[in-house]
Structures are given as structure tokens and as C-alpha cells.
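Report on the structure
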2 protein chains.
Amino acid sequence: MLVVSGPGCSSVGYGATQEIGPFIVDANGNGIKYNPDSWNREANMLFLESPVGVGFSYSNTSADYNILGDEFTANDAYAFLHKWFLKFPSYRTRIFYIAGESYAGKYIPELAEFILDRNKDASLHINLMGILTDAEDWRGMVDYAWSHAVISDETHRVISLSCNFSSDNTWSNNDCSDSVDELLRQYREIDIYSLYTSVCAGNSASSDQKSTQVMFTRTSNMMPRVMGGYDPCLDDYAKAFYNRPDVQKALHVSDGHRLRNWSICNEKIFNEWKYSKPSVLPTYTKLIGAGVRIWVYSGDTDGRVPVLSTRYSISSLGLKITKSWRPWYHQRQVSGWFQEYEGLTFATFRGAGHAVPVFKPSDSLAFSSAFLLGDAPPSAR
Amino acid sequence: MLVVSGPGCSSVGYGATQEIGPFIVDANGNGIKYNPDSWNREANMLFLESPVGVGFSYSNTSADYNILGDEFTANDAYAFLHKWFLKFPSYRTRIFYIAGESYAGKYIPELAEFILDRNKDASLHINLMGILTDAEDWRGMVDYAWSHAVISDETHRVISLSCNFSSDNTWSNNDCSDSVDELLRQYREIDIYSLYTSVCAGNSASSDQKSTQVMFTRTSNMMPRVMGGYDPCLDDYAKAFYNRPDVQKALHVSDGHRLRNWSICNEKIFNEWKYSKPSVLPTYTKLIGAGVRIWVYSGDTDGRVPVLSTRYSISSLGLKITKSWRPWYHQRQVSGWFQEYEGLTFATFRGAGHAVPVFKPSDSLAFSSAFLLGDAPPSAR
């Protein structure tokens, strides 16, 4: 299992030390604390800093940094996996899953496709069984912002009338452009990744950074999926932790004196991201055809990759429904709803923001456990 | 100021002892605790059990119970007010506001209209300055359930295609009827009044009652607005508290031995509710014309009188926008958004369920304070 995020963000900083790893960063980077809901209760986990430039990962070939994009990342991640299996051959035949959130909704299907293609060579075979991720589109984000009372009826109407998100010239329309700016302005007031929680108070530097993260690059062939993650305070803790001399020394990334600067998201990578597939939906179709287990999930209080976006994406796949919409449960409460399609399961997490395990650690462990076992999400109270 | 709720529900059990009164019921009815955010920091408050049959209120004329409806209630509430002012004449000239939630969204405009009409007689004059309430419609409830991932795309599509909520024969269409049943079935799994919180666990009697409350009477001339309130556990505490012998004796409703049975909502009143205006929107127009200050607010995580319903209702009034959509703040966080129209202010409470002050006590005090002062909601962080 492998968890990635991005573009430019650290799966160690997010996934491992905020979400599903065995230890979670503690307030102000003072240390780490035991996570009773770590997913390694159910599976071995690898966290990959991908592509180069993320976290402490780097390349000695500086030209690499100029060509970063989805394909480069898939290639690189595959190269890593290949080498890792050479080094740890006893894991070669184990069942393999890929999980991730946010921009990983692109990385993961692309990497999975890469693995399937390479699997034709038996010596390179990776036993890929399933993927667990999310999916999004622009229209869903706009409808979500309106129905969750973040933008006005008027702004929603103008966007609906003037924006063509499947065009290459979306932003040449001033009405559309101005109204989307208005949407971003409103979202900058709260945490777009978690609509109903507070923003990290008292650290203005951090909130400024958050703002720039929301100001994603608006090109129609670059999906507006950015730097995943939640709670700028957790981000701050991770930053403090990974910039500690003793931590860097223990991780063998510095000698404990000449420190390396660690940031949770590399904005340069994000801003200069070159190659991004306009849509990974055809990849989904291919993976479904190959029998890869696919679960797509969404925290329903996340405005960044909102549940409506994920629904629109899945809907456009045109899959046949095999089990209709119903709740799934954890600890006698409704954790969310799910619907099963031929080849794909879609599930929501009720009241969870973008980084689902931060909000629902115990539910998300039960959910991933069902995924690994090949069961449906727990559907009895 | 006067707070009402319903139909059939107790404004003492809800408003006074769960929401904005000086004392709030404590766990399991053990007692009451001081409420630092009570609205009586800003105004004198009257809580009215309305109509007869609600809480400890009663009528000796049993025929009264057969004709309960909106108009009876407005009449009765006015009769109470009139007698109260006769008894406490020093309050006669004070500025008067009416506030309430849920079904009070109908009661309040109707009572306000009643007062305005009677005010033509100077001896009966009540200095009505403003009303603070919510508003709803069916279509908003359906769109809200869909956009908040409570119902599937498919159910939403069928309802959109087959239901005509402005018809008298809405329920004669089987597709519509079945799909609305499906919507209600999903909502019965969670707390419709607060989408992202838990339901009161361990008290199955209470959750059963909750279910029946959600199963509102579906007639098109009876608005589907039911028994307001939040958290079945708080309801249980209130029930335990008001059924205590010492409490009933202190309230002079029993001698402390022959107890009177108190319930937070009278289901008989709800089920047999006779006369309900199909829409109070014309009443709003009349009140706006008379210069009554009108604030309409909505907790944006309430599925029962959802923010979309309130928006659709306000939109159909066709008022001119005077101040466009923007956040309002409390304690440096976004409390919600608001928009000002000629004669009406609409505001949301971010992350609040149906009984807003239960979720956002301090925000709601600041909000009502601005309303009383004639200011806008606090619009600087």
C-alpha cells in the first residue's frame, strides 16, 4: 500500500503524520503521538514522497524539476516501486493496493494503469488488487459552494450561465472569471477543506499560505485540484517537527547541523506543474475492465474536492448500479452513504473534510479494512 | 420578545431551556445550568406555549382542540399578549420583537400581521419593531438532501421530474411519492435537524419518536414544517426535568403529587393540525411594506428547514438586493454569510443545525444583539 498526495505535497507530512500513520504530529511539533486508528493495523504501508522535490526527496538532475507532471510522477513512482521490490523481494507477491486523496485522485489511476501495462512482463509483475481515492470536477465545486451557502444565488447563476468548464477558453469570459474569483474570495474566508470547522487562529503566515493554495491555477486542462490537506495548525505542527535538528538527523536527511528546509507543500512544484491529463475517467474505465477493485470516497464537508464533483465524475462513467444508495455505519452511527456500481464503489464520509482520516479516524480505519477484505462498507448499524 | 415553535411543540422546552433562556436543562433532567449566552442579556423575554395543548398550557373548552391551526394560534397568541400588557402596562410602550424558529416561520409573520391590523386601534397598540425567523419550501429540502449527499442522484432526478410541489395532487404521483419516501427513509438514519452530529444513542424510544416526527403529514396545503428542535438527548433531559414533582410544584402546574404529563411536542396537535396557510410570503410583503424589520436566518447544516429552502422562499419575494453576499463574523471566525434586501436581511449560521443557538450560542447572541440594535450582522473579522 502506498499513499500519495499533491501536486507538490508531502504524503509523509499529510498521510503518515496527520492521517493514517502509526504516529501523528503533536501540537507545535513537540513530538509525535500514538495513533490507535493507524491503517497499519490492517496492512503494511509505504508512504512515497512523489515526485522529486516533495518533502526531503530530491533529484541531482536539475532538469527533472522543469518537466514535472502527471506522467513524470507515474514513471518515477513506478521506478521507485520496482527498485523497492528488488530490495525487498519477499513482498513481491503480496497483494498490493494504492490509496490516496486529493490530487492523488489523478496520480493513483495513472500509476495503476502504468503498473497494469508493465505487468505484461511477468518479471515486473506487481499484484495490484485495488485503489482507494477520490475524484472531482469544476461544476461540482461550484454547485457545492452554492448549495452549502458559501456563494450567493446570484454568483451561482452567473457561473452557471457564463462558464464553460470543458472549454479551453473558460477564463476568457469576464463574467465567468469574475464570478469564480468571487467564489474563491468567499472560500478564502473559511477552510475550504473543511467547511464547518474553525481556521487556525493566531498564525497569519499560515493562513496567508492557505489563501495562496486556494488560488489554484485556472487553466482548463489543469484540473483545479490542489495541495490536499486540512487544518493549517496540523500543517504547522508537521513543519515544526520535520525542521527539528534531532528529527532530521534521525531520518538521515541531515547531520543535525546543516539543516534542510522542509515544507509540507512545495509551491514551486504546484505553480509550475506542466503536464496534467484533462481527465482520468478513461483510465478508470480501463482499470475497471482489468478487474482492479476501485473505491472512490469523499468527505461530504470538503469544498475542495466536494462530493458533488465526485458524483458528477462517476455519473459520467455511465456504470450500471448494482446496489443502490444506502448508509454505512460505524459505532452505531451513520458514517456516510455508499452506492455500488459494476466495478466501482462510491462512498461518502458524513461530516468529514478533505483529509478524511483526520476527521473520522476510526470510521476510516473500518472503511479501509472492508476495502482490503473485499467486503462492502459495514452496512448494518 | 416572544419565542414560539411548533406545531405542537413547547417554546419553554426548546427555546427557553435548550436554546436562549437564562438556564439550560442539564444531563438527564438533574437540573438546570446557567447559560452565559442567554438572550436576556440584551432584552426581556417572554416564552409562550402556543397554542393550547402545548406544554402545560390547556383550554377548558375541549372544542378548541378540534380547530387548532395557524389562525387560531395567531388569535390566541394575540389574546395572550393583549392581556399580558393589561397586566403589565409599563411594558406597553416598549419596543417589541418576535423571534422563533421552525414552524414559527409561519406563526411569526401571521402574528405580526395580526398585531399590525389591531394596531389601528391606538388603545391596543403594540410597538412591533421586527421579527427574526426562518422560512422554507419543499423543493429546497429535496435539493438540499441531494447536494448534502443524503439521497442519490437517481432519487433526486426522479423527484425533480415527477413531483409538483405546488399542486394539490403532489402525492397522487407514485414516482414522486415513492422517491420522497426514500428521502425520508434516508433522513431517518441521521438527525435531519443536524446532519453532521450523532443521534442520541441508547434511547431507542426517543429515536422512534424522532422518526415519527420526520414522517410529516404530506398534504400540499400543509407545509412540511414540523416539530422543531435538535438533539433527542436534550429533548429527553427536558422531558425528565419538567416531569419532576418538585419542578411541577414550583411552576404551580401541579401539587407535586398528582402530576401532569409533560411532553416536548404534542403529536396529537401536530397530526390533527387543521388550518395552515399554503404560503406566508404575501404576509412578508405586507410586513415589509409596514416597515417591520425582518431578519430571516438559517443554520446551514439543518436538513429540515434547510438554507436552500429559505433561499428559494426569499428569492420568490423578488426583493432588490441592497448589500451583496458577504460573511459575518464572531470571535474572528466566519459565523455565516448574509445578504441584505430592501426590507429584509437573510443570514446563515455556518455549521449550525435547526435550533441554531444550541450549536452557536455565543454567535447567536451577537447576532440577535445586532438585530435588536438595528445594526447589520458583525461584518468585520
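It should be noted that the structure appears before, not after, this text.
Residues numbered from 1 in each chain as written. Chains lettered and ligands numbered in written order. Predicted model: local features only at pLDDT ≥ 70, side-chain atom pairs only at ≥ 80, totals over all residues. Heavy atoms only, no water.

A few words now on the pattern of salt bridges. With the rule as written, the count across this model stands at 22 salt bridges over all chains. Of the charged contacts, one joins Glu272 of chain A and Lys268 of chain A as a salt bridge, the two residues approaching to 3.2 Å between their closest N and O atoms. The salt bridge involving Lys33 of chain B is made with Asp26 of chain B; its shortest N-O contact spans 3.9 Å. Residue Lys33 of chain B is classed as partly exposed on the basis of its relative accessible area of 41%. Relative accessible area serves as the criterion here: at 29%, Asp26 of chain B is assigned to the partly exposed category. Linked by salt bridges that have partners in common, Glu113, Asp117, Lys120 and Lys286 of chain A make up one network. (Salt bridge = Lys/Arg side-chain N within 4 Å of Asp/Glu carboxyl O. Buried < 20%, exposed > 50% of the residue type's maximum accessible area, 1.4 Å probe, protein only.)

What follows covers the interface of chain B and chain A. Each partner contributes to the interface: chain B provides 40 residues, whereas chain A provides 40 residues. Of the roughly 3300 Å² buried between chain B and chain A on both sides combined, carbon and sulfur atoms contribute 50%. Sorting the residues of chain B by area buried against chain A places Glu189, Tyr196 and Arg311 of chain B first, and these three jointly supply 17% of that buried surface. At the junction of chain B and chain A, the tally comes to 4 salt bridges. Here Glu189 of chain B and Arg381 of chain A are joined by a salt bridge, their closest N and O atoms 3.0 Å apart. Between chain B and chain A we count 24 residue pairs in polar contact (both at pLDDT 80 or more) in total. Contributing elements (two or more residues each) for the side of chain B that touches chain A: α4 (138–147), α5 (153–162), α6 (174–187), α12 (307–317), β8 (321–330) and β9 (333–341) of chain B. Residues that form the side of chain B that touches chain A fall into these classes: 19 nonpolar, 12 polar and 9 charged. (Contact = heavy atoms within 4.5 Å. Buried area = accessible area lost by both parts, 1.4 Å probe. Polar contact = N/O pair within 3.5 Å; in protein donor to acceptor, adjacent residues only side chain to side chain. Helix = DSSP H or I, 4+ residues; strand = E, 2+ residues; numbered from the N terminus. Nonpolar A, V, L, I, M, F, W, Y, C, P; charged D, E, K, R; others polar.)

All names here are of chain B. Along the chain, the position of Thr133 falls in strand β6 (residues 128–133). Looking at Thr133, its side chain comes within polar contact range of the main-chain nitrogen of Gly105, at 3.5 Å. Residues contacting Thr133, with those up to four places away along its chain left out, are Gly100, Ala104, Gly105, Ile108, Tyr284, Trp295, Val296 and Tyr297.

Residue and element names in this part refer to chain A. Across the sheet, 8 strands lie side by side as β4-β1-β5-β6-β7-β10-β9-β8; this open sheet has mixed pairing. The sheet is open, and its two borders are formed by β4 (46–47) and β8 (321–330), each paired with just one other strand. Relative to strand β7 (residues 293–299), strand β6 (residues 128–133) is paired through 4 bridges, and the arrangement is parallel. Residue pairing across strands places Ile131 opposite Ile294, the latter belonging to β7. The sheet contacts of helix α12 (residues 307–317) involve β7, β8, β9 (333–341) and β10 (344–349), and relative to β10 the element is tilted by about 165 degrees. (Pairing = 2+ DSSP bridges. Axes fitted to C-alpha atoms, helices over the stretch in contact; angles between N-to-C directions.)

A cluster of nonpolar side chains, namely Phe23, Ile32 and Tyr34 of chain A, defines an oily patch on the protein surface of about 340 Å² accessible area. Relative to the elements of secondary structure, Tyr34 of chain A occurs in strand β3 (residues 32–34). (Patch = residues over 30% accessible without salt bridge, like charges linked within 9 Å, V, L, I, M, F, W, Y side chains within 5 Å. Areas by Shrake-Rupley, 256 points an atom, 1.4 Å probe, with all protein chains shown as cover.)

What follows deals with the environment of Val307 of chain A. Looking at where Val307 of chain A falls in the secondary structure, it is placed in helix α12. Note on Val307 of chain A: relative accessible area 0%, which makes it buried. Distance in space between the C-alpha atoms of Val307 of chain A and Gly140 of chain A is 7.6 Å, their sequence separation being 167 residues. Dropping the residues within four chain positions of it, Val307 of chain A is found in contact with Tyr144, Ser298, Asp300, Phe346 and Thr348 of chain A together with Ser147 and Ala149 of chain B.

Glancing now at the nonpolar core. Counting residues in hydrophobic clusters, the biggest one holds 146 residues, and the most contacted among them are Ile98 and Tyr187 of chain A together with Ile98, Tyr187 and Leu344 of chain B. Setting aside chain neighbours within four positions, we find Leu344 of chain B in contact with Tyr284, Ile288, Ile294, Val296, Ile314, Leu317, Leu319 and Gln339 of chain B. (Core = buried A, V, L, I, M, F, W, Y, C linked by side-chain atoms within 4.5 Å.)

For the rest of this paragraph, the subject is the relation of the copies chain B and chain A. Mapping chain B onto chain A is achieved by rotating through 180 degrees and translating by 0.0 Å along the same axis, at an RMSD of 0.0 Å. Here the copies are linked by what is in effect a two-fold axis. If distances are taken from each C-alpha of chain B to the rotation axis, the shortest is found for Ser147 of chain B, at 3.2 Å. Take the interface residues of chain B: 100% of them recur as interface residues in chain A, which is what a same-surface contact looks like. (Least-squares fit on C-alpha atoms with pLDDT ≥ 70 in both.)

Residue and element names in this part refer to chain A. Counted at 1.5 Å a residue, the expected span for helix α2 (residues 70–87) with its 18 residues is 26 Å, and the 26 Å between its end C-alpha atoms agrees. Residues of α2 that are buried: Asp70, Phe72, Thr73, Ala74, Ala77, Tyr78, Leu81, Trp84 and Phe85. Against the buried residues of α2 lie β1 (2–4), β4, β5 (96–100) and α3 (104–118). (Expected span 1.5 Å × (residues − 1).)

Bringing the side chain of Gln18 of chain A into the picture now. Assignment of secondary structure puts Gln18 of chain A in helix α1 (residues 12–20). In this structure the side chain of Gln18 of chain A is engaged in a polar contact, spanning 3.5 Å, whose partner is the backbone oxygen of Gly13 of chain A.

Once that is clear, we can look at the pairing of β9 of chain A. Where a strand is regular, its side chains alternate between the two sheet faces. Residue and element names in this part refer to chain A. With 9 of 9 residues buried, β9 is to be regarded as a mostly interior element. The pairing of β8 with β9 spans 7 bridges and is classified as antiparallel. When the bridges of β9 are listed, Pro327 appears paired with Trp337. Once β8 ends, the chain turns through 2 residues before running back antiparallel as β9, passing Gln331 with a positive phi of about 50 degrees. Here β9 pairs with β10 via 4 bridges, running antiparallel. Directly across from Phe338, in β10, lies its bridge partner Ala347.

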